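The chain contents come next:
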Amino acid sequence: MSGARIRVSHLSYSWPDGRSVVADLSFTLGPSRVGLVAPNGAGKSTLLRLLAGELTPQAGTLEITGRWGYLPQRWQVPANATVADVLGVTEALVAVDAVLAGTADATQLDAADGHWDLRERIAAQLAMLGLGDMPLQRKVATLSGGEAMSLALAARLLRNPDVLLMDEPTNHLDRAARRRLHDVLHAFRGCVLVASHDRDLLEGMQQIAELQPARLRMVGGGYSAYRAVADGEQAAAEQQVQHLRKDLRREKVDRQQAHERAERRSSNA
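Predicted, not measured: the structure shown is a model, and the values here were computed from it.

(A) Representation of the overall build of the chain. The helix and strand inventory of the chain stands at nine helices and nine strands. In terms of C-alpha radius of gyration, the chain reaches 27 Å, well past the compact-globule figure of 18 Å for 269 residues. Its C-alpha atoms put the chain at 120 × 40 × 35 Å along the principal axes. Of the contacts made within the chain by residues no fewer than 6 positions apart, 65% connect residues no fewer than 24 positions apart. Approximately 14,800 Å² of the chain is accessible, and the part contributed by carbon and sulfur atoms is 50%. Here the chain contributes 32 positive and 31 negative side-chain charges, whose respective centroids are spaced 9 Å apart.

(B) Structural context of the nonpolar core. Formed by 45 residues in total, the largest nonpolar core has its most connected members in Leu87, Ile122, Leu151 and Met166. A total of seven residues in this core trace back to one element, the largest contributor, which is helix 6 (residues 145-157). Setting aside residues up to four positions removed in sequence, Ile122 forms contacts with Leu87, Val89, Leu93, Leu136 and Leu158. One finds Ile6, Val8, Val21 and Ile64 within the second-largest nonpolar core, a separate group that totals 29 residues.

(C) Representation of the packing of aromatic side chains in the model. By the definition in use, this model includes two aromatic pairs. Taking 5.4 Å as the distance between ring centres and 80 degrees as the angle between the ring planes, the aromatic pair formed by Tyr13 and Trp15 counts as edge-to-face. Among the residues examined, Tyr13 registers a relative accessible area of 7% and is labelled buried. A relative accessible area of 26% places Trp15 in the partly exposed class.

(D) Spatial organisation of the sheet that holds strand 1 (residues 5-14). Ordered by their spatial adjacency, three strands build an open sheet running 2-1-4, and the pairing between neighbours is antiparallel. Of all strands in the sheet, those bounded by a partner on one side alone are strand 2 (20-29) and strand 4 (59-65). Neighbouring strand axes in the sheet, compared pairwise and without regard to direction, differ in orientation by 20 degrees on average. In this sheet, strand 4 lies alongside strand 1 in antiparallel orientation, the contact comprising six bridges. Bridged to Val8 within strand 4 is Leu62. Across the sheet, helix 1 (residues 44-51) lies against strand 1, strand 2 and strand 4, angled at about 115 degrees from strand 1, the strand it touches most.

(E) Here's a closer look at helix 5 (residues 118-128). Those residues of helix 5 not exposed but buried are Leu118, Ile122, Gln125 and Leu126. The buried residues of helix 5 occupy an angular sector of 95 degrees when the element is viewed end-on, so they sit on one face. In this fold, the buried residues of helix 5 make contact with helix 2 (83-87), helix 3 (90-101) and helix 6. Of the residues flanking the end of helix 5, it is Gly130, one or two places downstream, whose phi is positive at about 80 degrees.

How each quantity is defined
- Residues numbered from 1 in each chain as written.
- Predicted model: local features only at pLDDT ≥ 70, side-chain atom pairs only at ≥ 80, totals over all residues.
- Heavy atoms only, no water.
- Helix = DSSP H or I, 4+ residues; strand = E, 2+ residues; numbered from the N terminus.
- Rg over C-alpha atoms; globule rule 2.2 N^0.38 Å.
- Contact = heavy atoms within 4.5 Å.
- Areas by Shrake-Rupley, 256 points an atom, 1.4 Å probe, with all protein chains shown as cover.
- Lys, Arg positive; Asp, Glu negative; His and termini not counted.
- Charge placed at Lys NZ, Arg CZ, Asp CG, Glu CD.
- Core = buried A, V, L, I, M, F, W, Y, C linked by side-chain atoms within 4.5 Å.
- Buried < 20%, exposed > 50% of the residue type's maximum accessible area, 1.4 Å probe, protein only.
- Phe/Tyr/Trp six-rings, centres within 6.5 Å; stacked < 30°, edge-to-face > 60°.
- Pairing = 2+ DSSP bridges.
- Axes fitted to C-alpha atoms, helices over the stretch in contact; angles between N-to-C directions.
- Arc of directions from axis to C-beta.

Here's what the structure looks like:
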């Protein structure tokens, strides 16, 4: 996964009402865990949707090298969908079982190829995310919000992606599920770009990317490192404002004194 890359060049996107989300944005991300931060409404989810191909930019190019998976904040599946359906393995499992039973046709033989260990891989992936006892025929509608989110992540990981795009993945997760998610991301060797307000999750990132309209400002380290840099810059900016105010007050005093001296000279004359 060392070749995993996200490349964005001169990207621009605006909403139909004309509000700009990003303008001439360019950046490159390689194999690392990157936390995407910005105020609400600044465009984090929009950027992920652009990268995932759900939205089309008005200008610029997007390129993802390698297989990628996108986990949105909200995802919908048919009401009668099963765990196997969400994992995308229903057809392959039917084909493998048909081959083992000696009833497979040519199409099923092709569908089963390369999937002989599929059940083992599914079991390992589900167990990693705390879903080890979940039947593959269970209806997704019966899952809790946290189970559904963990299952959606398992579906992405089962495809062995090189790049993971994630939007608020800790929503609905309890503490144990969040810990498992942290472990999964720490073990991932590709490129992760995750938009989140979860400070614990962001603390485990290798870089923090602050989304601004025309650039992605990168800070090495987790959220505390980013916060230290941002707070330092804010303190420096506030100090500069104080200096400017002092200079302005001094200038006003100097002008007033000059005016008073001019009036005295005029009066004496």
